[in-house]
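# Coordinates in review
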Amino acid sequence: METLATSGFAPDLLQGKVALVAGASSGINLAIARRLAAAGARVAMLSRSAERIEAAGALVAAEGQEVLARAADVRDFDAVAAVAAEAAQRFGPLDIVVSGAAGNFHAPAAHLSANGFKTVIDIDLIGNFNVLRASFEHLRKPGASLFSITAPGAEVPGLFQVHANAAKAGINMTVRCLAMEWGPAGVRVNALSPGPIANTPGMSKLAASPEREQALKARLPLRRYGDFDDITNAALFLASDLSRYVTGTVLDCDGGMRLGDASADALSPPARG
Ligand code: NAP
């Protein structure tokens, strides 16, 4: 796995903090768990597969931080609540909760089964509520920062993604509602919206060929995929007191993807005549 930036950005920003990261066995969420740990947080990590989450936990522990890694399916509220309780008992009240468990695939709506749609809603949307809700009793109040991982498709419709985009749109509204209700307790709730991030399971599924990758980059205003440092810099901002007056917002870290097609063809002025 590539090296992450661990210095030059307030390396002890999260010293003494406790974090719970859901969906942390790979990709963006694992990179966030590693970055929070590198900034000083003790990290509890969960995902569905015991084997994958234990391997991810061992990776974070090898980098020098205390870790709790547990298998739990975010669709199972009691299983998630048990991990949140164990994390708080072992490390103390939760300062940071990152909710990023998700499943995704390309499927034209006319070929998507009702069960396929429901499965993605169950994991991404209901699972997200379960993670945030199950954490609530164990949060540091005041002071906790919660953020969910959403996507540009929550706001911008796209082809073959009705299931994931509908789920992510629900996540954006969930964080706004929770920010209103939990703000008086000193709890902030936001969302982080990555654009296409290199070397992730998500992008290897959604842009599987080099041609598709080039086509997607050509449409992005910043003309490149993001990397783990790009997205974990934004996560560190939301996790820490740097964002202490920020709640109920979606932080777009997407190279401008949500703005629309910025390819040369789309931008060239119409011919005069
Ligand atoms: P990923 O590595 O596949 O991450 C998904 C994680 O969710 C895995 O750790 C997976 O672990 C876990 N998970 C799946 N179903 C679960 C369940 N039922 N219960 C508990 N954990 C479950 O994918 P990624 O591409 O890095 O994406 C991470 C997040 O960023 C997702 O929320 C995704 O929608 C979002 N995002 C990604 C991109 C991108 O460029 N990749 C762009 C925009 C948004 P197990 O298999 O062990 O359960």
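Above this text you will find the structure in question.
Computed from a prediction, not measured in an experiment: that's the story for all the values here.

## Focus on the pairing of strand 1 (residues 18-22)
Taken across its 5 residues, strand 1 has 5 buried, putting it largely inside the fold. Residue alternation in strand 1 divides its side chains into two sets, Val18, Leu20 and Ala22 and Ala19 and Val21, and both sets are buried. Pairing geometry for strand 1 and strand 2 (residues 42-47), over 5 bridges, is parallel. By the bridge assignment, Val18 is partnered in strand 2 with Arg42. After leaving strand 1, the chain enters helix 1 (residues 27-38) and then returns to the sheet as strand 2, a path that is right-handed. As paired elements, strand 1 and strand 4 (residues 96-99) share 4 bridges and run parallel to each other. Bridge pairing in strand 4 places Ala22 opposite Ser99.

## Describing the environment of Gln65
Counting through the fold element by element, Gln65 comes out in the loop between helix 2 (50-62) and strand 3 (67-71). On the basis of relative accessibility, which here comes to 18%, the residue Gln65 falls in the buried class. Distance in space between the C-alpha atoms of Gln65 and Met180 is 33 Å, their sequence separation being 115 residues. Other than its neighbours up to four places away in sequence, Gln65 contacts Ala37, Gly40, Ala41, Arg42 and Val60. Within polar-contact distance, the side chain of Gln65 engages the backbone oxygen of Gly40 at 3.3 Å. From its side chain, Gln65 meets the backbone oxygen of Ala41 in a polar contact 3.3 Å long.

## Some points on the packing of aromatic side chains
Counted by the stated rule, this structure contains 1 aromatic pair. Ring plane angle 40° and centroid distance 4.4 Å describe the contact between Phe136 and Trp182, whose orientation is recorded as tilted. Here Phe136 is found in helix 4 (residues 114-136), whereas its partner Trp182 is found in helix 5 (residues 162-182), with 46 residues between them in sequence. Side by side, Phe136 and Trp182 carry an identical accessibility label, which is buried. The cationic tip of Lys141 hangs over the ring face of Phe136; the distance from NZ or CZ to the ring centre is 4.3 Å. Above the face of the Tyr225 ring, Lys217 is positioned so that its terminal group lies 4.8 Å from the ring centre.

## Quick look at helix 1
Its 12 residues place the ends of helix 1 17 Å apart at the C-alpha level, agreeing with the 16 Å of an ideal helix rising 1.5 Å per residue. For helix 1, a buried count of 11 out of 12 residues is recorded, marking the element as mostly surrounded by other parts of the structure. For helix 1, the full list of buried residues reads Gly27, Ile28, Asn29, Leu30, Ala31, Ile32, Ala33, Arg34, Arg35, Leu36 and Ala37. Looking one or two residues beyond helix 1, the residue adopting positive phi is Gly40, at roughly 115°.

## With respect to the site of the ligand
In the region of the ligand, 31 residues are neighbours, and Ser25, Ser26, Ser47, Arg48 and Thr200 sit closest. Within the backbone of Ile28, one N or O atom sits 2.8 Å away from an oxygen atom of the ligand. Measuring from an oxygen atom of the ligand, one finds a side-chain N or O atom of Ser47 at 2.6 Å. A total of 880 Å² of accessible area belongs to the ligand in isolation, and the protein chains cover 91% of it.

## What about the nonpolar core?
By size, the foremost hydrophobic cluster in this structure holds 34 residues, and its most contacted members are Leu36, Val43, Met45, Phe147 and Leu192. When contributions to this core are tallied by element, the ones reaching two or more residues are strand 1, helix 1, strand 2, helix 2, strand 3, strand 4, strand 5 (145-149) and helix 8 (228-239). Setting aside its immediate chain neighbours within four residues, Met45 contacts Val21, Ala24, Leu30, Ala33, Ile53, Ala56, Gly57, Val60, Val67, Leu68, Ala69 and Arg70. Counting residues in hydrophobic clusters, the runner-up holds 32 residues, among them Ala72, Ala101, Val131 and Ala179.

What counts and how
- Residues numbered from 1 in each chain as written.
- Predicted model: local features only at pLDDT ≥ 70, side-chain atom pairs only at ≥ 80, totals over all residues.
- Heavy atoms only, no water.
- Buried < 20%, exposed > 50% of the residue type's maximum accessible area, 1.4 Å probe, protein only.
- Helix = DSSP H or I, 4+ residues; strand = E, 2+ residues; numbered from the N terminus.
- Pairing = 2+ DSSP bridges.
- Right-handed = clockwise from strand over helix to strand, strands pointing away.
- Contact = heavy atoms within 4.5 Å.
- Polar contact = N/O pair within 3.5 Å; in protein donor to acceptor, adjacent residues only side chain to side chain.
- Phe/Tyr/Trp six-rings, centres within 6.5 Å; stacked < 30°, edge-to-face > 60°.
- Lys NZ or Arg CZ within 6 Å of the ring centre and 35° of its normal.
- Expected span 1.5 Å × (residues − 1).
- Near = heavy atom within 4 Å.
- Areas by Shrake-Rupley, 256 points an atom, 1.4 Å probe, with all protein chains shown as cover.
- Core = buried A, V, L, I, M, F, W, Y, C linked by side-chain atoms within 4.5 Å.

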